[in-house]
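# A closer look at the structure
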Amino acid sequence: MSAIRLFFALWPSPPLAASLAEWAQAARPHCGGRVMRTETLHLTLAFLGPVEAQLADALAAATPERSVPPGELALDGYGVFKRQRILWAGPREAGPREAGPREAEPHNAPAPLQAIHDGLWQWLAGHGLAAPPQPFRPHVTLLRNIERDDPPPPPPDPLIWRYDRLVLVASESQTGGSRYRIVAQSRPLSP
């Protein structure tokens, strides 16, 4: 059996993805780097990595039965992963974590989003998957291979991400990067 690289994510609406792509374009003159394709922008909730096909099928079949309480997330800050040379957009709601003088780290997760993340990993533990040891850092990767390790001046007005479901995504390697394919999504909660 071959393994499939999977992750769970929040997937932006097309208008939100277009706005995030504009943020990336606006930041590029300051940071350099490669702009992420608009259709690949997302906020990872749980990166599973390579998963055997049988487990991937089971997760895809079970995902529609998951539910996510609807919520909103304000994306209102740029940040940098210095070592990985990534510029990201994320929430500032909970305040910044301690960081070195030239490296901004993503902020603490807002409580509702942290609860979704934690609940997802509790469910995944029942499938034999373990949560990573590092804390959840909600962010959307905008640029890769940046040339500066400081974020650009403040981004435009905050973007509001309204979410009501999560998606299970397969990451498939191809020339020039990865292709993401949504294999399943949760159902929104009934009103």
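The chain is annotated in an unreviewed UniProt entry as RNA 2',3'-cyclic phosphodiesterase from Achromobacter spanius. The Function (unreviewed entry) comment attached to the chain in UniProt states, word for word, "Hydrolyzes RNA 2',3'-cyclic phosphodiester to an RNA 2'-phosphomonoester." The record held by UniProt for the chain lists under Catalytic activity (unreviewed entry) the comment "a 3'-end 2',3'-cyclophospho-ribonucleotide-RNA + H2O = a 3'-end 2'-phospho-ribonucleotide-RNA + H(+)".

What follows covers the pattern of salt bridges. Side chains that differ in sign of charge can pair as their charged atoms come close. According to the stated counting rule, one finds eight salt bridges in the structure shown. The partner of K82 in a salt bridge is D149, and the shortest N-O contact between them spans 3.7 Å. Pair noted here: K82 is in the loop between β5 (77-81) and β6 (86-90) and D149 is in the loop between β7 (140-144) and β8 (159-163), with a separation of 67 residues, a long-range link. By relative accessible area, D149 is classed as buried at 19%. Of the charged contacts, one joins E172 and R181 as a salt bridge, the two residues approaching to 2.8 Å between their closest N and O atoms. Owing to a relative accessible area of 24%, E172 belongs among the partly exposed residues under this scheme. For R181, a relative accessible area of 35% gives the class partly exposed. Beyond isolated ion pairs, a larger network of salt bridges with shared partners links E172, R179 and R181.

Rules behind the numbers
- Residues numbered from 1 in each chain as written.
- Predicted model: local features only at pLDDT ≥ 70, side-chain atom pairs only at ≥ 80, totals over all residues.
- Heavy atoms only, no water.
- UniProt positions renumbered as here; feature names shortened; annotations may be inferred.
- Salt bridge = Lys/Arg side-chain N within 4 Å of Asp/Glu carboxyl O.
- Helix = DSSP H or I, 4+ residues; strand = E, 2+ residues; numbered from the N terminus.
- Buried < 20%, exposed > 50% of the residue type's maximum accessible area, 1.4 Å probe, protein only.

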